[in-house]
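# Report on the structure
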Amino acid sequence: MRSLTVQFRPALVCLLVFTLITGVLYPLLVTGIARVVFPGQANGSLLVVDGEIRGSALIGQPFDDPRYFWGRLSATGGHPYNAFNAGALAGSSGSNLGPLNPALAEAVQARIEALRAADPQAGPPYPADLVTASGSGLDPHISPAAAEFQVRRVAAARGLSEARVRQLVAEHTEGRDFGILGEPRVNVLRLNLALDEVR
Amino acid sequence: MTPQPQSRPLFERAIVRHAVLASFQKLDPRVQIRNPVMFVVLVGAVLTTALWLQALFGRGEAPARFIFAVSVWLWFTVLFTNFAEAMAEGRGKAQAETLRRARRDVQARRLKGPRYGAPYSIVASGELRAGDVVLVEAGDIIPSDGEVLEGIASVNESAITGESAPVIRESGGDRSAVTGGTTVLSDWLVVRITANPGETFLDRMIGMVEGAKRQKTPNEIALNILLAALTIIFLLATATLLPFSLFAVEANGSGAPVTVTVLVALLICLIPTTIGGLLSAIGIAGMDRMIQANVIAMSGRAVEAAGDVDVLLLDKTGTITLGNRQAVAFIPADGVSEQHLADAAQLASLADETPEGRSIVVLAKEKYGIRERSVHELGAEFVPFTAQTRMSGVNLNGNLIRKGASDSIQRYVEGQGGSFPPEVHSIVENIARNGGTPLVVADRATVLGVVQLKDIVKGGMKERFGELRRMGIKTVMITGDNPLTAAAIAAEAGVDDFLAEATPEAKLQLIREYQTGGRLVAMTGDGTNDAPALAQADVAVAMNSGTQAAREAGNMVDLDSNPTKLIEVVAIGKQLLITRGALTTFSIANDVAKYFAIIPAAFAATYPQLNALNLMGLTSPASAIVSAVIFNALIIPALIPLALRGVRYRAVGAARLLRRNLLIYGLGGLVAPFAGIKLIDLALTTLGLV
Amino acid sequence: MTTIGWLQIALYLVVLLALVRPLGWYMARVYEGQNVGLNTLLAPLERLLYRLCGTRVEEGQSWKQYAVAVILFNALGMLVVYGLQRLQSALPLNPASLGAVTPDSAFNTAASFASNTNWQGYSGEVTMSYLAQMLGLNVQNFLSAASGMAVLVALIRGLRARTEASIGNFWVDLTRSTLYILLPLALILALALVSQGVVQSFDPYVEVPLLQGTTDGDGNPVTTQTLPMGPAASQIAIKQLGTNGGGFFNTNSAHPFENPTPLANFLELLAILLIPAALCFTFGTMVGDRRQGWALLAAMTLLFVPFVLLAAIQEQAGTPQLAALGVDLTASDQQAGGNMEGKEARFGIASSALWAAATTAASNGSVNSMHGSYTPLGGLAPLFLMQLGEVVFGGVGSGLYGLLIFAIIAVFIAGLMVGRTPEYLGKKIETFEMKMASLVILIPCVVVLFFTALAVATPWGKGALYEPAISYTSIYNPGAHGFSEVLYAFSSQGNNNGSAFAGLGANNPFYNTTGGLAMLIARYWLMVPVLAIAGSLAARRTVPAGPGTLPTHTPLFVVLLIGVVIIVGALTFIPALALGPIVEQLLMLGL
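Residues numbered from 1 in each chain as written. Chains lettered and ligands numbered in written order. Predicted model: local features only at pLDDT ≥ 70, side-chain atom pairs only at ≥ 80, totals over all residues. Heavy atoms only, no water.

## Remarks on the overall build of chain C
When its secondary structure is counted, chain C shows 19 helices and five strands. The C-alpha atoms of chain C give a radius of gyration of 23 Å, which matches the 25 Å a tight globule of 591 residues would have. Along the first, second and third principal axes, the C-alpha atoms of chain C reach 75 × 60 × 50 Å. Per-residue burial over chain C gives 71% buried out of 591 residues. (Helix = DSSP H or I, 4+ residues; strand = E, 2+ residues; numbered from the N terminus. Rg over C-alpha atoms; globule rule 2.2 N^0.38 Å. Buried < 20%, exposed > 50% of the residue type's maximum accessible area, 1.4 Å probe, protein only.)

Right, here's the structure in full:
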């Protein structure tokens, strides 16, 4: 017990001092430097077009209009790509469906049917990422294959040539970082914003 | 009767018969609780028996036949374990029986005063207390352990040592200890008793051999803790399978939960019954092997410590070298012929009955054909060795031939008016440097030359020390010689180090130094002056021929009084540990196959898909479980011989030893049950038992 | 798996192992009190702190005092985290006006962050105010990690000491771990992450317009999206470095604001294993035989790689069920293919599987993909890595001290097999050590199995009766997968990992309470025996090594150590795994 009382002072002092250092000074220091050096990135990588915020380059948005490229399935609460829903205590979320869960097969099947409804010619095989839900429910990207799969539909819906749309897709396709890390990907919101600029 | 502990056949009929009986007696839960692993098996056996009875009345969770089969084999598992322990104990008991015969109650003559001729009263040996003084005469059995106060006698100690040649016991010196149960052959002894009844050397030996007073050694306790921890883990892993399986049935919507019988079977197969069942047998057998080497260990801890010894202190004389030095060469001084020197040396040694003297005579004959002569016939006068002159020799026809250490001869020659030639000095030094002992021979004032005496290193010592080195044990030779001589002998014998001009204090100091450096020291000793060092050493083997003090100080007694026995002692200690480790590894490795047998079977009703894990292709869930349980039970008696004999120890480096044992017992333990369970399953299927 | 996938994994291992030596060397110098270059800046602060504490650097503590210090300090920290959550609505820095956290969730979270588990029953962006994240969670991210490192250093001192009564001073070890190691590394990593797009701001949440509106579940139109903000980068840096893993946002490192690019992913992944791996070198340096450290690192790496491959190969293969629907599972330059459910497009299969293995090998628990949606064997990899006792890299400090306990067990069995009573680094392993080591091995197994059984056997665990208003039960997926979820949850909390098969609705009183208890038991009932071993070994003589001594730096010993870790884990959990992922795999293959 003596040991306990003797140790109480250093325990309290350390907790206070380290709370100050790691809980206040450290985040403030990082924020301060970030604000100066990386102001865009630190504040959500917002896409500003003509002075207007159009979304975040990092957070996907829901699309089901045939004129737009569609992103991944999203299992966020309330509605897809719901990044913050205080009412339902829900934010980012995956589907968390197990591989043999019938609900997973149903969700994939429903997506396939939606894709086919928007473009009856769209047939199997379906790009894996286009028919499955992302981990965050906010995935801003699809694979180049998933984009290519939708080129015909978007082109037809917008009355553009497939070559033109394909060119836009290519312009918005990012390769692997340093040619090795991650996967090639297409930012859906940026691509769709670019589509809206065409004409 | 030679009750010498001899090597017995592994399964002696009388012992086996007794062990079978004891297997049932040991079912007593109070006995079983001491071994947590086996206690779990016992509880499992009782539980399945109850389930079987329930099934007989038609409310069973599984077919009565199946529960019965599992239950019976669980009982066998317990019995086999008991049998292994009883076998090991039985072998000890048989050993003890022969010793006990020596401990007859005898009549003793208790003296009223501690001297020969004092009045005495006749008492039973059982009434003697430490401090009493008794008289024993030719034909008497010495009633208890004691120390000779007066007298000298030859004693037959074969009851203890198995050695039939009588030994001399006398007061004072290193031969003063007598042991109860030995017989005086000639003369008489006045003995002060040093042990109370039940505490004598013989009693302790019997106790050790019987394993009656066997306490678990530290390492055994540590291993038991590990085994208990594993048992708890498996207990939990199997117990939780019940709710898991209930949930699986619920989630799957079909099937039946796993039965308690299957869970008990799985549990018993998983817990380390093999090592748990054989652990005490291994310990007892380790002591038994010591006894077969004619070494009585005073505790199991000492046997265990023997395996850890890093430093071995060995007395030079009698251990490394033959007891006696021998003459090997005559090196004459300038102007003296070898023949002349040999002749003079022989004359000087004719009446010298010491082994050194005899060897000079022998060498003179072998090398120069000088025949042995009789001192009396020559009319020579023999001059014996005295502590003052430190020389011996003969006076013959005016020749005063002397031999002795160089300094004493130098004094003698100079006293005679001569001088000590410098070249002889260098010869002397040279011999000493090479591990020999120089004896200078002189005739009046003339130095004739030097006889080179040499310690003769026993045959095969170099190899044995090499073996020890490979075991990782450092050998240190203890000698009273000067450092030059000691170094040379050390080099010849191949020991790693030596302590020259050793005194009891120096020995003690050396042991302490090694121990401070974290090393475990073993030593042998017989004299009273060895007692402090023996008490300090971690493993101390006292010679049975030694003094009572030495035997009290040691934690082992070598009945053969063979100082090189330490090497065997170390090997036995290591063997004990290796056997434990090997069987633990084997036991745990076994579990893998058992999982493959039982898991698919246990959940066959809920998830028939799990049959994909039935790698052995066992016939049915019931046969799979019963086969695993049978294998688990049978492996215990199958390993009894190994447990009793011990895994062979090889003096190779630790890494090689580990690789070897891991391959045999680890990999073997992994593979063996796959084959074993499959075979049992085949047999059961063929016989139509399942 | 694709070539590029193999290359990603190989590159990761190469970079990780290349960093072991410099960082390990640096940390050894820190703990020995030698100059590391930051001393001019930090030494005055350090001295001031000791003066305030009333302690001195050279003032040693017995193992009992050390243990009291760790536990007292962690208990105070836990209290603060609990209080901050319960009172957050009344405290500043709560721009989203979040209400008080429920008592059970607050207890679970406090236990979770103090014990370096960082299991999250809650959803970060909708539960925690900035203040609670900063002063509560972020601080514990540092201090729980530093506590683990301190205990490891105490054990190392015990192993190398020669008959000493003290195993060091907790306050000194804690301070040095935090100031010299965690803070500088976190600062560098945080800024690197901001550069990649991780948010770091105290501004309120941002509302942005949707390009194409949508409707919510009730049919109401939705035209905007609220983007959560916060000082995320600073917290994520330490959550990875300190093997904490508690995310700033709900989906943790799958959230694009936490882990925006493959490069950010690589850096975070590196941070997960960096300190646990480098501590092996620190250990070797401090005991004066670096080979001992390399041997342990080799054992960790060799245990790690097969599970990475298992996860990667299984995830890339996908499931026959998806293939049957016409989904293209093949990997190409155009798509990652495989089982993309729950994975992010930018990471694909290799980076996700590698992360899954790394985060569970280390007791990190952060995720960049949803393990609950993995293929059965792909999910078994992270599950089993946790069940191995979090010793494959493991938590900062705790992983290595856990592996050292396994080494003691391995030495015990191997030592017997070479005919010596066992010793490790010259210290005899005796009854007391075996007692304590057995506890360390036993407790996580007991905790995991007991609580899992409790959960699947009771209505509260199954969730059927608790909160009947909620349409789903706690166990979200049917069949064997549902069992895996519960087993995963307690394997995670019972080994202080924090990772989740997020299908389990664990934010309710039952799971919050049992989980909180599991985390506390797993952390402190292991720490105390470890410190006891440190104390007992410190007081013991050191036996010099000889040819008869079992060498503990050889490939043979590494193999043996791996064997012991695998066997203990496998023998304990195979029956349970058979009812979870194993049978699910067989069902998936239609066997």
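Now that the structure has been shown, the text picks up again.
## Some points on the interface of chain C and chain A
Facing 121 residues of chain C, the contacting portion of chain A comprises 109 residues. Together chain C and chain A conceal approximately 9,100 Å² of surface at their shared face, both sides included; 68% is due to carbon and sulfur atoms. On the chain C side of the interface with chain A, the three residues burying the most area are Leu211(C), Gln212(C) and Glu341(C), jointly 9% of the side's total. Summed over the shared surface of chain C and chain A, the result is two salt bridges. The shortest N-O distance in the salt bridge between Asp203(C) and Arg35(A) comes to 3.6 Å. At the boundary of chain C with chain A, the tally comes to 37 residue pairs in polar contact (both at pLDDT 80 or more). Partitioning the side of chain C that touches chain A into residue classes produces 68 nonpolar, 42 polar and 11 charged. (Contact = heavy atoms within 4.5 Å. Buried area = accessible area lost by both parts, 1.4 Å probe. Salt bridge = Lys/Arg side-chain N within 4 Å of Asp/Glu carboxyl O. Polar contact = N/O pair within 3.5 Å; in protein donor to acceptor, adjacent residues only side chain to side chain. Nonpolar A, V, L, I, M, F, W, Y, C, P; charged D, E, K, R; others polar.)

## Focus on the packing of helix H10 (residues 290-317) of chain C against helix H19 (residues 555-588) of chain C
Residue and element names in this part refer to chain C. In the contact formed by H10 and H19, the axes pass within 10 Å of each other and the chain directions differ by 25°. With respect to H19, the axis of H10 lies roughly parallel. Where H10 crosses over H19, the handedness of that crossing is right-handed. Residue-level inspection shows Ala-295, Leu-296, Ala-298, Ala-299, Leu-302, Leu-303, Phe-307 and Gln-314 of H10 in contact with H19, the latter providing Val-558, Leu-561, Ile-562, Val-565, Ile-566 and Gln-585. Residues that form the contact of H10 with H19 fall into these classes: 12 nonpolar, two polar and no charged. (Axes fitted to C-alpha atoms, helices over the stretch in contact; angles between N-to-C directions. Parallel < 35°, antiparallel > 145°, perpendicular 65-115°, else oblique. Left-handed = near helix turned anticlockwise from the far one by under 90°.)

## Digging into the state of the cysteines
Here a disulfide denotes one covalent bond, and it connects the sulfur atoms of two cysteines. Tallied over the full model, the rule gives zero disulfides over all chains. With no disulfide of its own, Cys14(A) has Cys53(C) as its nearest cysteine by sulfur position, at a separation of 3.6 Å. By relative accessible area, which is 0% here, Cys14(A) ends up buried. (Disulfide = S-S within 2.5 Å.)

## Brief notes about the sheet that holds strand E5 (residues 173-174) of chain A
Residues and elements named next belong to chain A. Pairing in this open sheet of three strands is antiparallel, and the strands run E4-E6-E5 from one edge to the other. The open sheet has two free edges, formed respectively by strand E4 (141-142) and E5, since each of these has just one partner strand. With two bridges joining them, E5 and strand E6 (residues 185-187) adopt antiparallel strand pairing. When the sheet's bridge partners are listed, Thr-173 is paired in E6 with Val-186. (Pairing = 2+ DSSP bridges.)

By themselves, these are just geometric observations and shouldn't be taken as functional.
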